[in-house]
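The chain contents come next:
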Amino acid sequence: MTEFLQHIVNMLILGSTYALLGIGLTLIFGIMRVVNFAHGELYAFGAYFVYFVSILLGLNFFLSILVAIVAGCLLGALIEVVLLRPMRGADIDTTMLIMIGAMIVMQNGEQYIWGGVAKSVNTPFPQAPLVIGSVSVSWLSVFVFFASLALIAASYLLINRTKLGKAMRATFQDRDTASLMGVNIQMIYMATFALGSSLAAAAGALLGPVYVISPQMGNIASLKAFAIVILGGLGSIGGATIGGFMLAFAEEIGAGYISSGYRDAMGFLIIIAVLLFKPTGLFARAERIG
Amino acid sequence: MKRYLPWIALIAAASIPLWLHDPYILNAFITTGIFIIAAMSLNLLLGYTGQLNLGQVAFFGIGAYTSALVSLGFDVELIGGIRVVHEPWPVWTGLLIGIVVSAFCGYIVGKLSFRVRGAYFVIVTISFAEVVRLVALNWVELTQGPLALTSIPPVTLGLPGLGYYDFFSKQSYFYLVLGVLAISYIIISRLVNSRTGRAMVALKENESLAVSVGIDVTSYLVLAAVVSAGIAGAAGGLYAHYLKIIDPDVFLFLYTVTMVIMVVTGGKGTLAGPVVGGLIFGFIPVFSRSFVGPELQWIIYGVFMIVIVFVLPEGIVPAIEKWFASKDKSRMPESTQAQVQDAS
Amino acid sequence: MTDKKKFLTVFAAAAMLSASFATQGFAQTIKIGVNEPLTGPFAASGTYVVNGAKIAADEINAKGGVLGKKIELVIEDNKSNPTEAAAVAEKLITNDKVPVIMGAWGSSLTLAVMPKLLEYKVPMIVETSSSGKITTSGNPFIFRISPPSSVEAHAFKDILPKLHIKKADFLVINNDWGRGAAEDFGKVLKANGVQVGYVETMDQAAQDMSAQLSKMKSSDADTIMVTTAVEQLTLVLKQAAALGIKKQIVTTGGSQNPDQLIDQAGAAANGTYHLTTFAPWFPDNTPDPKATNYFLGEWKKRGFNFAGATESFRGYDGIRTIVAGIEKAGKAEPAAIAAAMWDVNFTGLNGKIKFEKQGPAGKESGQSIPNVYLIKIENGKIELPKL
């Protein structure tokens, strides 16, 4: 039982960051129909940015995270304008290839600048864990959990309660009609990509200090994000959130009670099962996002 | 002229070992050739049916593992205590069985995953490849997992009593790869130029229309998936017996990405596309190696890819075809132009 | 790397390129191929090894080279990818005409190179790979200076009684290295009356091991044996501390970079034991203190991170082994070097380098048996525990 409780706590923390990662991708995927392979690289970008600002420039840890999120947002907007805007209307695999190219360039650029040796960020949190009964968790993870939840809630409100969010939802439903109704599609696309990127950078900025920061950290993040999006359905923030927790649950229970070798297979097996029985994802309402 | 172009290319390719004596470049031709075959298999799905399979490397790896295991032998205990012992068989049977097993997996995956389309299809195929990789990694008794299958024998052709021919030298392996490449090319070109192929293209253009005129969409897609998986399996088998070692890295996502790059830059939905794209992206690393540092080689690779997609979004081969067509058109008198358009 | 350094590197590369053109035709140098991962997942380690190799080459050249010629390293990136590792070997052997190679870091990379060695009959010094298959598959061109896990486990036998282990769980990276370690150490433990509990694996790229660790937290074992590279090890220690695991942790494999662990895992690294094959913190306790001090001095002078020394010394020793072989052979030809390797006998940074025969008779590979040390991290400091 003790072990099970510990697994549940682990799952909640892991799941919150998975959700954050998934939401960014699902928005880009759902609204723009871009298979964004550079998503994991924005995650790595966020992590490296925190390292750069907090360790090398000596900025406050919490401010560094905010700065990294803003930087991720700007980089996302830049990528959208330079790489995706000229290719508007191209096939899904053409834009995907561009994002793969961006991924290769960014990942090796990181290695060129920072070298292959992993970096780590020291945080103001105490090293001794928080112990409640038999369950133990680090203070940093607790912070990451609540920060992730806050960001998820903020994205939800942005999509559901603001004018920009309304325009995004309209674009997701029917691009042409939205355009006729006076929605500035170019602007919406840029905003979507910037938002998705800043969420990825936020996930990286929060998780970089928890883990270590290396040029390859983006690969696994992309893969997990794809799994989460499929579980949750395209363009659904609520779905991606639940998808993130489900993936974390499957991994924890899989590794804890079945076989750690197949830990990373659990998520994919669920995906295959989900698609067999409910091909649009568990929570997709194909005609709307939010 | 266009009709003879593949034959001219084949003859030109066949002459390479006669004048090229640099084993390193020949090695690059062989590995590039193997990946071109894999890219051609991807092109059949992506280019002609419009379905992007990002798990193509799974079939490549299944072909590689099956062929290696058939020719090395294995001894595993399945669930329920059933013990399966397999003595080593000749390598060419391994290659054939590898193709069959891959094609069969293609059938299963096609049956299951063609329930979804577009982005969902893309991700279900990635998932499939990841699961297969993890099985190869963790089923140590069969695949030796990360300890790798080593000492994979070279390809030999022949029957007991009739003598053997082995493809041990680089030159002979080059011809073997070229041969498989040519056969795959012919199979794909026959398929896409047949009635079946036209149905496939029709459903790529407009699936609901294709359904309304009575095309059984899923069965065509599954057929394409089976052929595609079989060819990818053949490429995998060639890879295993050439490198003589395989481990779960054969399922690297990078390999699928390599195939996609070759197909899309070369021109999807054209027979020559994967060949042209494959030669370019197979040889960029070979040439950039001597000029710049390791990370920069990758950066050049990525930038070059983006530039090609930007400048020639249709791919290199269609762009060249268009250019020739416009040149021919301007030379020809008005009256024949209409005929050309009809014919094309 | 600063911009200035980068510029210098580019400049040096250009100079070397023109130099190689200038010297073509009358071979003034002896080329040594280096086949290491400089990009991809193993980039950090491969780069360390190459840096160590460069220190050895410069030292040897400063002393006049070998056989009256300078040595020249031809360094190629195998991209952490077996296909590329084989292609690089082919390039080094046929284009650069190197008579001997050092490589290829990971076991799957080395295994992919091995058929090429047989094909061209060129010897290779294996500096890192740990898979048992490398020296037992009958490839007479393989000479390994790193210990496979069986050798390490064997040396561990003497240390074992002093650690008071009753039952141990294993947490290993899911590759040949981790699985090999779990198997070989498991055997030694069992043979010495220690129970073996869970054997859990973690994917090479995994960053979150708390599921595996939570399971071990509630097991009745008193020790966790961990085998993985330093990045993942940092995470294991941090996550174990966060879960409040107070068990004894022993790591194997010799790639741990204890300094990086102290730097990155902080207090979480305290109290952990590490089996390592080189002890740069105690140069006077190493087999050849003078060489160790020289190597560490150079390493520092070049501005490299001290933590890399435990990885890069293998590159340093690898090149020194090759040069010793060339000297014994009296000529820079593959067959002569391969034959002369059996006569190499000198003290490397981690013990005697002398090859013993392993594998099927008639085509044995060479295996050198290095020293194994047990170190302990205590209060952010590395100690050689008095056991």
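Values in this document were obtained by computation on a predicted structure and should not be read as measured data. (Residues numbered from 1 in each chain as written. Chains lettered and ligands numbered in written order. Predicted model: local features only at pLDDT ≥ 70, side-chain atom pairs only at ≥ 80, totals over all residues. Heavy atoms only, no water.)

Colleague: How would you explain the overall build of chain A if you had to name every residue and give the values?
Modeller: When you go through chain A residue by residue, the secondary structure sums to 11 helices and 2 strands. Reading chain A from its N end, one meets helices and strands in the order α-α-α-α-β-β-α-α-α-α-α-α-α. Considered along the principal axes of its C-alpha atoms, chain A spans approximately 60 × 50 × 35 Å. Counting every position in chain A, which comprises 290 residues, the buried fraction comes to 62%. On chain A, the mean spot of the 14 positive side-chain charges and the mean spot of the 12 negative ones are 11 Å from each other. (Helix = DSSP H or I, 4+ residues; strand = E, 2+ residues; numbered from the N terminus. Buried < 20%, exposed > 50% of the residue type's maximum accessible area, 1.4 Å probe, protein only. Lys, Arg positive; Asp, Glu negative; His and termini not counted. Charge placed at Lys NZ, Arg CZ, Asp CG, Glu CD.)

Colleague: Which residues make up the pattern of salt bridges, and what values go with them?
Modeller: Counted under the stated rule, the structure contains 22 salt bridges over all chains. The closest approach of N and O atoms between C:Lys331 and C:Glu333, which form a salt bridge, is 3.8 Å. Judged by its relative accessible area of 41%, C:Lys331 is partly exposed. Note on C:Glu333: relative accessible area 42%, which makes it partly exposed. A cluster of three or more residues bridged by salt bridges with shared partners is formed by B:Lys170, C:Glu90, C:Lys116 and C:Glu119. (Salt bridge = Lys/Arg side-chain N within 4 Å of Asp/Glu carboxyl O.)

Colleague: Requested: an account of the pairing of strand E2 (residues 83–86) of chain B, with residues and values cited.
Modeller: Residues and elements named next belong to chain B. Two strands pair when backbone bridges link them, and strand E1 (residues 74–77) and E2 are joined in this way by 4 bridges, in the antiparallel orientation. Across the sheet, residue Asp75 finds its bridge partner in E2, namely Val85. With antiparallel pairing between neighbouring strands as the criterion, E1 and E2 make up a hairpin whose turn holds 5 residues, including Gly80 at a positive phi of roughly 90°. (Pairing = 2+ DSSP bridges.)

Colleague: Explain the sheet that holds strand E8 (residues 223–227) of chain C to me, using residue names and the numbers behind them.
Modeller: Residues and elements named next belong to chain C. Spatially, E7-E6-E8-E9-E10-E15-E16 is the arrangement adopted by the 7 strands of the open sheet, whose pairing is mixed. At either end of the open sheet lies a strand with only one pairing partner, and these are strand E7 (195–202) and strand E16 (381–383). The sheet shows a mean angle of 25° between the axes of neighbouring strands, taken without regard to direction. With 6 bridges connecting them, strand E6 (residues 167–173) and E7 associate as parallel partners. Looking at E7, one finds that Ile173 is bridged to Met202. (Axes fitted to C-alpha atoms, helices over the stretch in contact; angles between N-to-C directions.)

Colleague: Can you break down the side chain of C:Ser214 residue by residue, with the values?
Modeller: Within the secondary structure, C:Ser214 is located in helix H8 (residues 210–217). Note on C:Ser214: relative accessible area 1%, which makes it buried. For C:Ser214, the side chain forms a polar contact with the side chain of A:Asn10, separated by 2.7 Å. If near-sequence neighbours (up to four positions away) are discounted, C:Ser214 is found in contact with A:Glu3, A:Gln6, A:His7, A:Asn10 and C:Leu243. (Polar contact = N/O pair within 3.5 Å; in protein donor to acceptor, adjacent residues only side chain to side chain. Contact = heavy atoms within 4.5 Å.)

Colleague: Any chance you could break down the interface of chain A and chain C for me, citing the residues and the numbers?
Modeller: At the interface, 36 residues of chain A touch 38 residues of chain C. Here chain A and chain C share an interface that buries about 2,800 Å² over both sides, 48% of which is from carbon and sulfur atoms. Counting across the interface, chain A meets chain C through 0 salt bridges. Viewed at the interface, chain C and chain A are joined by 16 residue pairs in polar contact (both at pLDDT 80 or more). Element by element, the count of residues in the side of chain A that touches chain C is highest for helix H1 (residues 2–32) of chain A, at 5 residues. (Buried area = accessible area lost by both parts, 1.4 Å probe.)

Colleague: Pulling in residues and values, what's your account of the sheet that holds strand E1 (residues 29–36) of chain C?
Modeller: Residue and element names in this part refer to chain C. If you walk across this open sheet you meet the 7 strands as E2-E1-E3-E4-E5-E14-E13, and the pairing is mixed. The open sheet has two edge strands, strand E2 (70–77) and strand E13 (355–358), and neither has a second partner. Strand after strand, the sheet turns through a mean of 25° between neighbouring axes, direction not considered. Sheet topology places strand E3 (residues 101–103) next to strand E4 (residues 124–126); 3 bridges connect them, and they run parallel. Residue pairing for E4: Met102 is matched across the bridge by Ile125.

Colleague: Give a detailed account of the nonpolar core, specifying residues and quantitative values.
Modeller: Ranked by internal contacts, the top residues of the largest apolar core, which has 298 residues, are A:Phe37, B:Phe60, B:Ile246, C:Phe295 and C:Ile319. The element that contributes the greatest number of residues to this core is helix H3 (residues 23–48) of chain B, accounting for 17 residues. Looking at which domains feed residues into this core, each of domain 1 (3–147 + 289–368) and domain 2 (150–276) of chain C gives three or more. If sequence neighbours within four positions are ignored, B:Phe60 has contacts with B:Ile34, B:Phe35, B:Ala38, B:Ala232, B:Ala235, B:Gly236, B:Tyr239, B:Val250 and B:Met259. Judged by nonpolar contacts, the second largest core, of 21 residues, contains C:Ile159, C:Ile165, C:Phe185 and C:Leu374. (Core = buried A, V, L, I, M, F, W, Y, C linked by side-chain atoms within 4.5 Å. Domains from an automatic or database assignment.)

Colleague: Which residues make up the interface of chain B and chain A, and what values do they have?
Modeller: Residue-level contacts link 38 residues of chain B with 41 residues of chain A. Seen at the junction of chain B and chain A, the total is 0 salt bridges. Across the chain B-chain A interface, the total number found is 1 residue pair in polar contact (both at pLDDT 80 or more). Of all the elements in the fold, those that place two or more residues in the side of chain B that touches chain A are helix H6 (118–138), helix H12 (253–266) and helix H14 (294–311) of chain B. Examining the composition of the side of chain B that touches chain A, we find that 12 residues originate from one element, H6(B), more than from any other.

Colleague: Describe the packing of aromatic side chains, with residues and values.
Modeller: Tallying each qualifying case throughout the model produces 42 aromatic pairs over all chains. Measuring from ring centre to ring centre gives 6.2 Å for B:Phe29 and B:Phe174, while their planes differ by 85°; the resulting arrangement is edge-to-face. You can see B:Phe29 sitting in helix H3 and its partner B:Phe174 sitting in helix H8 (residues 170–192), a full 145 residues away along the chain. Residue placement shows C:Lys215 over the ring face of C:Tyr198; its charged tip is 4.8 Å from the ring centre. (Phe/Tyr/Trp six-rings, centres within 6.5 Å; stacked < 30°, edge-to-face > 60°. Lys NZ or Arg CZ within 6 Å of the ring centre and 35° of its normal.)

Colleague: Any details on helix H11 (residues 217–243) of chain B? Residues and values, ideally.
Modeller: Residue and element names in this part refer to chain B. For H11, built from 27 residues, the straight-helix expectation of 39 Å at 1.5 Å per residue is met to within 8% by its first-to-last C-alpha distance of 39 Å. The buried count for H11 comes to 21 of 27 residues, which makes it a mostly enclosed element. Taken from the residues just after H11, Lys244 is the one with a positive phi, measuring 70°. (Expected span 1.5 Å × (residues − 1).)

Colleague: Give a detailed account of the environment of C:Asp263, specifying residues and quantitative values.
Modeller: Residues and elements named next belong to chain C. Looking at the element boundaries, Asp263 is found in helix H10 (residues 258–265). The exposed category is assigned to Asp263, whose relative accessible area is 54%. When the C-alpha positions of Asp263 and Leu296 are compared, they lie 19 Å apart, and in sequence the two are 33 residues distant.

Colleague: Could you give an account of a nonpolar patch on the surface, with specific residues and numbers?
Modeller: Residue and element names in this part refer to chain B. A cluster of nonpolar residues, Tyr4, Leu5, Trp7, Ile8 and Ile186, forms a patch on the protein surface that exposes about 530 Å² of accessible area. Of the residues forming the nonpolar patch, the biggest block, 3 residues, is contributed by helix H1 (residues 5–14). Along the chain, Trp7 turns up in helix H1. (Patch = residues over 30% accessible without salt bridge, like charges linked within 9 Å, V, L, I, M, F, W, Y side chains within 5 Å. Areas by Shrake-Rupley, 256 points an atom, 1.4 Å probe, with all protein chains shown as cover.)

Colleague: Can you explain the confidence of the model for chain B? Please cite residues and give values.
Modeller: All names here are of chain B. Of the residues in chain B, 93% reach a pLDDT of 70 or more, and the chain-wide mean stands at 83. The least confident element of chain B is helix H16 (residues 334–343), whose mean pLDDT is 47; the most confident is helix H4 (residues 56–72), at 93. The model gives residues 335–344 a pLDDT under 50, and that stretch makes 4 contacts with residues more than four places away or in other chains. The ipTM, which scores confidence in the relative placement of chains, is 0.81 for this predicted complex, and the corresponding pTM is 0.84. (pLDDT = per-residue confidence, 0-100.)

Colleague: Give a description of unusual backbone geometry that names residues and reports values.
Modeller: Of note, the bond from C:Gly103 into C:Ala104 is cis; its omega dihedral lies within 30 degrees of zero at -10°. Along the chain, the position of C:Ala104 falls in the loop between E3 and helix H4 (107–120). Here A:Arg33, not a glycine, exhibits a phi torsion of approximately 60°, which is positive. As for its position among the elements, A:Arg33 is in the loop between H1 and helix H2 (39–56). The phi angle at C:Asn379 is positive, at roughly 50°, despite the residue not being glycine. With respect to the helices and strands, the residue C:Asn379 is situated in the loop between strand E15 (373–378) and E16. The exposure class of C:Asn379 is exposed, given its relative accessible area of 63%.

Colleague: Which residues make up helix H9 (residues 195–205) of chain B, and what are the values?
Modeller: Residues and elements named next belong to chain B. Within H9, burial applies to Gly197, Ala199, Met200 and Leu203. When H9 is viewed along its axis, its buried side chains cluster within an angular range of 160° and face the same direction. In H9, those exposed residues whose orientation departs by more than 90 degrees from the buried face are Arg195, Arg198 and Glu205. Check the buried side of H9 and you find it contacts H3, H8, helix H10 (207–212) and H11. (Arc of directions from axis to C-beta.)

Colleague: Can you lay out the packing of H3(B) against helix H3 (residues 82–94) of chain C for me, pointing to particular residues and giving the numbers?
Modeller: Relative orientation of the contacting elements H3(B) and H3(C) amounts to 160°, with a least axis distance of 8 Å. Here H3(B) is positioned roughly antiparallel relative to H3(C), judged by the angle of their axes. Where H3(B) crosses over H3(C), the two elements pack in a sense that is right-handed. Here B:Pro23, B:Tyr24, B:Asn27 and B:Thr31 of H3(B) lie close against H3(C), whose contacting residues are C:Thr83, C:Ala87, C:Glu90, C:Lys91 and C:Thr94. Its residues assigned to classes, the contact of H3(B) with H3(C) comprises 3 nonpolar, 4 polar and 2 charged. (Parallel < 35°, antiparallel > 145°, perpendicular 65-115°, else oblique. Left-handed = near helix turned anticlockwise from the far one by under 90°. Nonpolar A, V, L, I, M, F, W, Y, C, P; charged D, E, K, R; others polar.)

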